[in-house]
Every structure is written in structure tokens, then in C-alpha cells.
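# Results of the structural survey
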Amino acid sequence: MSSPFFKFKQFTIWHDKCAMKVGTDGVLLGAWAPLGSRILDVGTGSGLIARMLMQRCPEAEVEGIDIDEAAVAQAKENGVRAFQARLQDWKSDIGDCYNLIVSNPPYFQNSLKNPDRGRELARHTDSLGYEELIAHSARLLKEEGQLALILPAEAEEEIRNLAARYSLFPTHITRVYSKETKPARRVILAFSRKNSIVGLIEDSLVLEDEKGGRSAAYSKLCEEFYL
């Protein structure tokens, strides 16, 4: 039986009431994402990423939205200012635009649906497709704002093409490998309105060392969070 909570160095995330539990993807994005003074976490779930960004930037105004009522309640329990809302309809009551939007979005497309409705909504793109995510993020970003996402590696080309349609261009791309000998499993991307190949950072992150433990790079990235 899995634990109802996940303990980090400075806070605990309860995830017993929401569909998606604390996982590596969320932790990676929360530790990797650029920072801003006004931040929106789309599909906040338990509030994990929002809570990590609150630790990294205590002075920031951080909000989370999710379409699942139980997830919103859980995020609030975890100390996040969270709202039940669709990104497509969202307009914050503390201003129009964000410096940073982050999302660990639904990513299963054309796959079997999960009988658990909450988990299905959290993992399938039916409720928020990639294009809607990009389009409405572009709508809500300040001119100098950034969008940070973690996605399956095979979605990189699609998401970069979609982002370009809305004048968002990659500034940092990290390809994530479980082991050095395996293909990339995830890709973490940051986008801005600045279209410059010269400033684009491309790097990689291997999660496991030779003994199957956390690699030095993974440990370094998450050292302020993992016990």
C-alpha cells in the first residue's frame, strides 16, 4: 500500500485524495523550471510543482488550477492557492498575466482509457490538448514570460511546432534519460517569445547511476527537496 504523503526536506505533499501521485516528472519540472514573480501551475494535482516553486521563490505569487475538485482540495491542503478551473476559461483575480506558466500536462493520446475517471482526466489529453495548452498559455503570459513543460520525449517536435505557431520559441531543452544506454524518456522545455537559436540551451539529464541509484546530476538538481 502506497503512503498517503511524500515528505520533502521543507514540506510534505499529501496525495491520498487526488488521482496523480507525487512522481519523478513533477519533481523534475519543479526543480528545473525558471522562476517568476507570478506563476501559474496548470493541472496542479496535489500542488507538488506549485509548492516546489513556492520554496524556490518565496516572494512569488503562485496559483494552481485543475479541473478535478478533489485535486484542488488536496492542493489547498498542501498550502497552494488553488482553483477548480479549465485553462481555456481561466483569468486570475490577481492580474491578467504571468511571468511563468508551468505544466506537467496530460500526455496519453489515442490510448486505452483508465476506469478511474480522475486518473483518466489527469493522464489523457482529452480535457486539455497540447494546442490548447500552448494557445492559452500564450494568452496568459506576459511579454517577457516563459512557459515550462515536461513531456514524453516523442512529443518534442510536435510541441515545438505548435509553440512556434503562437510565437513561443524554446530557450532551454533538457532531454531526460532513465539510463545512459536507453533512449530519452522525457523532455523538459522552456519557451519564451524571444526567437534566438544563439541563446538556446540544449542538455541532457541521466537519472540513474551505474548502481541504479540517483545520478549525481539528478541529486544536484533536486538537492533542496529530496531527503
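Every chain is numbered on its own, with residues counted from 1 as its sequence reads. In view of the model being predicted, local features appear only for residues whose pLDDT reaches at least 70, and side-chain atom pairs are presented and counted only at 80 or more, with totals across whole chains, interfaces and linings using the full set of residues. Hydrogens are left out, water is left out, and the side-chain values use all remaining heavy atoms of the structure.

Being paired, for any two strands, means DSSP has found at least two bridges between them. Each helix is a run of DSSP H or I of at least 4 residues and each strand a run of E of at least 2, with the numbering of both proceeding from the N terminus. For strand β4 (residues 61-66) and strand β5 (residues 81-84), the ladder comprises 4 bridges, and the chain directions are parallel. What sits directly across from Asp66, in β5, is Gln84. In this region the chain leaves β4, passes through helix α3 (residues 69-77) and returns to the parallel neighbour β5; the handedness of that crossover is right-handed. A clockwise path from the first strand over the helix to the second, with the strands pointing away from the viewer, defines a right-handed crossover.

This brings us to the pattern of salt bridges. What makes a salt bridge here is a side-chain nitrogen of Lys or Arg within 4 Å of a carboxyl oxygen of Asp or Glu, nothing more. Inspection of the entire model under this criterion finds 14 salt bridges. Two residues, Lys17 and Asp16, come together in a salt bridge whose shortest N-O distance is 3.6 Å. Each residue is placed in one exposure class: buried if its accessible area under a 1.4 Å probe, protein chains only, is under 20% of its type's maximum, exposed if it is over 50%, and partly exposed if it falls in between. Look at Lys17 and you get partly exposed, because its relative accessible area is 47%. Note on Asp16: relative accessible area 37%, which makes it partly exposed.

It is worth spelling out the layout of surface pockets at this point. Put simply, the grid is 1 Å and covers the protein atoms alone, a cavity is a trapped set of points that fit a 1.4 Å probe, a pocket is an open set with protein on both sides within 12 Å along at least five of seven lines, and lining residues have an atom within 4 Å of a point. Grid points are joined across faces, edges and corners, and a volume is the space filled by probe spheres set on the points. Of the volumes computed, that of the second largest pocket is approximately 170 Å³. Lining the second largest pocket, in full, are Lys179, Glu180, Thr181, Val206, Glu208, Asp209, Glu210, Ser215 and Ala216. Of the residues assigned to the lining of the second largest pocket, the class counts are 2 nonpolar, 2 polar and 5 charged. Under the scheme applied here, ten amino acids are nonpolar (Ala, Val, Leu, Ile, Met, Phe, Trp, Tyr, Cys and Pro), four are charged (Asp, Glu, Lys and Arg), and all others, including Gly, are polar.

By convention a nonpolar core is built from buried Ala, Val, Leu, Ile, Met, Phe, Trp, Tyr and Cys residues, the set being connected through side-chain atoms within 4.5 Å. Within the largest apolar cluster, 36 residues are counted, with the highest numbers of intra-cluster contacts made by Phe8, Val27, Leu28, Leu29 and Val102. Of all elements in the fold, only α1 (24-32), α2 (48-56), α3, β6 (98-103), β7 (141-152) and β9 (186-192) reach the threshold of two or more residues within this core. Leave out the neighbours within four places in its chain, and Leu29 touches Ile49, Val102, Ser103, Asn104, Ala148, Leu149, Ile150 and Ile188. Judged by nonpolar contacts, the second largest core, of 29 residues, contains Val42, Tyr130, Leu140 and Ala163. Whether two residues touch is decided by their heavy atoms; if any such pair falls within 4.5 Å, the residues are in contact.

The subject of this paragraph is helix α5 (residues 130-140). By the criterion of burial, α5 is predominantly enclosed, with 8 of the 11 residues buried. As for α5, its buried residues are in contact with β3 (38-42), β6, β7 and α6 (156-165).

Moving on, we get to the packing of aromatic side chains. Pairing of aromatic rings covers Phe, Tyr and the six-membered ring of Trp, with a centre-to-centre limit of 6.5 Å; geometry is then stacked below 30 degrees between planes, edge-to-face above 60, and tilted otherwise. Across all of its chains, the model carries 8 aromatic pairs by this definition. A centroid spacing of 6.2 Å and a plane angle of 15° characterise the contact between Phe8 and Tyr226, whose relative ring orientation is stacked. In this pair, Phe8 sits in the loop between β1 (5-7) and β2 (12-14) while Tyr226 sits in the segment after α7 (216-221), placing the two residues 218 residues apart along the sequence.

Here we take up the side chain of Asn78. Inspection of the secondary structure puts Asn78 in the loop between α3 and β5. Given the relative accessible area of 5%, Asn78 is considered buried.

This part is about the packing of α1 against α2. In this analysis, axes come from line fits to C-alpha atoms, helices being fitted only over the stretch in contact, and the angle between any two N-to-C directions falls in the range 0 to 180 degrees. Relative orientation of the contacting elements α1 and α2 amounts to 25°, with a least axis distance of 8 Å. As the angle between them shows, α1 and α2 are arranged roughly parallel. Where α1 crosses over α2, the handedness of that crossing is right-handed. On α2, the residues touching Gly26, Val27, Leu29, Gly30, Ala31 and Trp32 of α1 are Leu48, Ile49, Met52, Leu53 and Arg56. For the contact of α1 with α2, a count of residues per class yields 8 nonpolar, 2 polar and 1 charged. In these notes the angle categories are as follows: under 35 degrees is roughly parallel, over 145 is roughly antiparallel, 65 to 115 is roughly perpendicular, and the rest is oblique. Take the far helix as your reference; a near helix turned counterclockwise from it by less than a right angle gives a left-handed crossing, and one turned clockwise gives a right-handed crossing.

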